[in-house]
Amino acid sequence: TRELERSIFEAAGYDVEVAMDGAQGLARLRQGLQVDAVVTDVQMPNMTGFELAMAIKSDPLLQRIPVVIVTSLERDEEKAEGIDAGADAYITKSVFKQDTVLETGERLIR
């Protein structure tokens, strides 16, 4: 999924930075990596996407960064947990379409 998302955004003209998990992504952000948005899955080793969203939104230096969760977790409780964690958008893989992800990203970074 990570490589698919990378190719979608790169084909649309975006520069993409990839982290292997949420902990690595958060560390890179805290080290000064400048991004317009974070796209994350929920199920990752070391730090879930929910935990990543919470960490970003609770950090005064990072909280302006939009967080988009793209996941296979579709239950209403899981969606609510993602939004409660601070995600600006929650996209399930069952309705995952290239246009949806791009439009969501563009809407959030404008």
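Our structure is the block above this text.
Residues numbered from 1 in each chain as written. Predicted model: local features only at pLDDT ≥ 70, side-chain atom pairs only at ≥ 80, totals over all residues. Heavy atoms only, no water.

### A few points about the pattern of salt bridges
Thought 1: Tallied over the entire structure, the rule returns seven salt bridges.
Thought 2: E10 is the salt-bridge partner of R6, the closest N and O atoms lying 3.9 Å from each other. Of this pair, R6 and E10 are both found in helix α1 (residues 2-11), four residues apart, which corresponds to roughly one turn of the helix.
Thought 3: The shortest N-O distance in the salt bridge between E17 and R28 comes to 2.6 Å. Placement of E17 in the loop between α1 and α2 (22-30) and of R28 in helix α2 is noted, with a sequence separation of 11 residues between them.
Thought 4: Classification of R28 as partly exposed rests on a relative accessible area of 24%.
Thought 5: Taken together, the salt bridges that share partners define one network made up of E3, R6 and E10. (Salt bridge = Lys/Arg side-chain N within 4 Å of Asp/Glu carboxyl O. Helix = DSSP H or I, 4+ residues; strand = E, 2+ residues; numbered from the N terminus. Buried < 20%, exposed > 50% of the residue type's maximum accessible area, 1.4 Å probe, protein only.)

### Notes on the environment of S58
Thought 1: Turning to its location among the elements, S58 is positioned in helix α3 (residues 49-58).
Thought 2: On a C-alpha basis, the gap between S58 and G32 in space is 16 Å, while along the polypeptide they are 26 residues apart.
Thought 3: A distance of 3.3 Å separates a polar side-chain atom of S58 from the backbone oxygen of A55. (Polar contact = N/O pair within 3.5 Å; in protein donor to acceptor, adjacent residues only side chain to side chain.)

### With respect to α2
Thought 1: Where α2 is concerned, the buried positions are G22, G25, L26 and L29. Along the long axis of α2, the arc covered by the buried residues comes to 95°, so they all point the same way.
Thought 2: In this structure D21 caps α2, since a side-chain oxygen of it lies 3.1 Å from the backbone nitrogen of A23. (Arc of directions from axis to C-beta.)

### Section: the nonpolar core
A general trend in soluble globular proteins is that nonpolar side chains are found buried together.
Thought 1: Ranked by internal contacts, the top residues of the largest apolar core, which has 19 residues, are L26, L29, V38, I56 and I65.
Thought 2: Listed by contribution, the elements that provide at least two residues to this core are α2, α3 and β2 (67-71).
Thought 3: Among the elements that take part in this core, α3 stands out by supplying five residues, more than any other.
Thought 4: Sequence-distant contacts of L26, defined by excluding residues within four places in its chain, comprise M47, L52, A55, I56 and L62. (Core = buried A, V, L, I, M, F, W, Y, C linked by side-chain atoms within 4.5 Å. Contact = heavy atoms within 4.5 Å.)

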